[in-house]
Amino acid sequence: MKYEILYPEAFPVVKCQLEQGERLKAESDAMITMSATVDVEGKMTGGILSGLARKFLSGESFFCQELIASRGPGEVMLGHALPGGIVSLPLTGSYGWIVEKGGYMASTEGIEVDTKMQNLSHGLFSGQGFFVLRIKGTGTLFVSSFGVIHPVELGEGEEVIIDNGNLVAWPDYMDYTIEKASNGWLSGIKSGECLVTRFRGPGTVLIQTRNPSSFEAWIRSMIPTN
């Protein structure tokens, strides 16, 4: 499949060229346009139990779209709901990606999307719940963000501390721990930074330059209340 990310500087979309018989999986509301040769079907990735896990545990859609070039080559354009970036990640089968809530947008054939339960120390304090998406296989993965996607590249033994609300995705081989951002809970609450994630290299962590939870709180503060 050939693809191009259009308007990467703001409100990007992905234009995909499908050969006859090729399939593309996407979040349920991602399709913007498609050729008349393309069919779209609603699917539950991995069956009903996996679909329920995606919806209620990791915050993703219960159904996904499967776009199939059934009657010849066709073009599909995909986008996402938030004003933010889209990047493509090639998967060769050597490792997978862990994707936070809302980060998965689409993937080509050969990519498996599963709900992964984090261990207690990760999930309890991550601010994202116990469940994330683990994505593996061979093909292309598209992830989206709120704000621009910025890669944080770490060498062997290097560390970085990232606010949990700004995480998008990271390779599944990376070591990470959840920590308090400051000494003591009261200090963390006052500073507005309670929990962060410490990553250790090597590897590349993808972050989003805006925090959806912070934006949601700002919107709520603008709404008059009785």
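Just above, that's the structure.
Analysis parameters
- Residues numbered from 1 in each chain as written.
- Predicted model: local features only at pLDDT ≥ 70, side-chain atom pairs only at ≥ 80, totals over all residues.
- Heavy atoms only, no water.
- Pairing = 2+ DSSP bridges.
- Helix = DSSP H or I, 4+ residues; strand = E, 2+ residues; numbered from the N terminus.
- Axes fitted to C-alpha atoms, helices over the stretch in contact; angles between N-to-C directions.
- Patch = residues over 30% accessible without salt bridge, like charges linked within 9 Å, V, L, I, M, F, W, Y side chains within 5 Å.
- Areas by Shrake-Rupley, 256 points an atom, 1.4 Å probe, with all protein chains shown as cover.
- Salt bridge = Lys/Arg side-chain N within 4 Å of Asp/Glu carboxyl O.
- Buried < 20%, exposed > 50% of the residue type's maximum accessible area, 1.4 Å probe, protein only.
- Phe/Tyr/Trp six-rings, centres within 6.5 Å; stacked < 30°, edge-to-face > 60°.

### Regarding the sheet that holds strand β2 (residues 13-18)
Here we have four strands laid out as an open sheet, ordered β1-β2-β7-β4, and antiparallel in their pairing. With partners counted over all chains shown, the strands left at the sheet margins are β1 (2-6) and β4 (31-34), one partner each. Sheet twist, expressed as the mean angle between neighbouring strand axes with direction ignored, is 20°. For β2 and strand β7 (residues 74-78), the ladder comprises five bridges, and the chain directions are antiparallel. Note that in β7 the partner of L18 across the bridge is G74.

### Some details on a nonpolar patch on the surface
Judged by side-chain polarity, F215, W218, I219, M222 and I223 come together as a nonpolar surface patch covering roughly 510 Å² of accessible area. On the basis of relative accessible area, I219 is assigned to the partly exposed category, the value being 34%.

### Observations regarding the pairing of strand β3 (residues 23-27)
Among the five residues in β3, four count as buried, and that is most of the element. Examined bridge by bridge, β3 and strand β6 (residues 64-69) share five bridges and lie antiparallel to one another. Along β6, the bridge assignment pairs A26 with Q65. In the sheet, β3 pairs with strand β10 (residues 104-108) via three bridges, with the strands oriented antiparallel. The partner of L24 across the bridge, within β10, is T108.

### Observations concerning the packing of aromatic side chains
A complete count under the given rule lists eight aromatic pairs for this structure. Aromatic pair Y95 and W97: ring centres 6.3 Å apart, planes at 55°, arrangement tilted. W97 sits in the buried class, given a relative accessible area of 6%. Ring centres of F215 and W218 lie 6.0 Å apart, and the angle between their planes is 25°; this geometry places the pair in the stacked category. Residue F215 and its partner W218 are both found in helix α4 (residues 212-222); the two are separated by three residues, about one turn of the helix. Residue F215 is classed as partly exposed on the basis of its relative accessible area, which comes to 42%. Relative accessible area serves as the criterion here: at 47%, W218 is assigned to the partly exposed category.

Function cannot be read off these values alone, since they describe shape.
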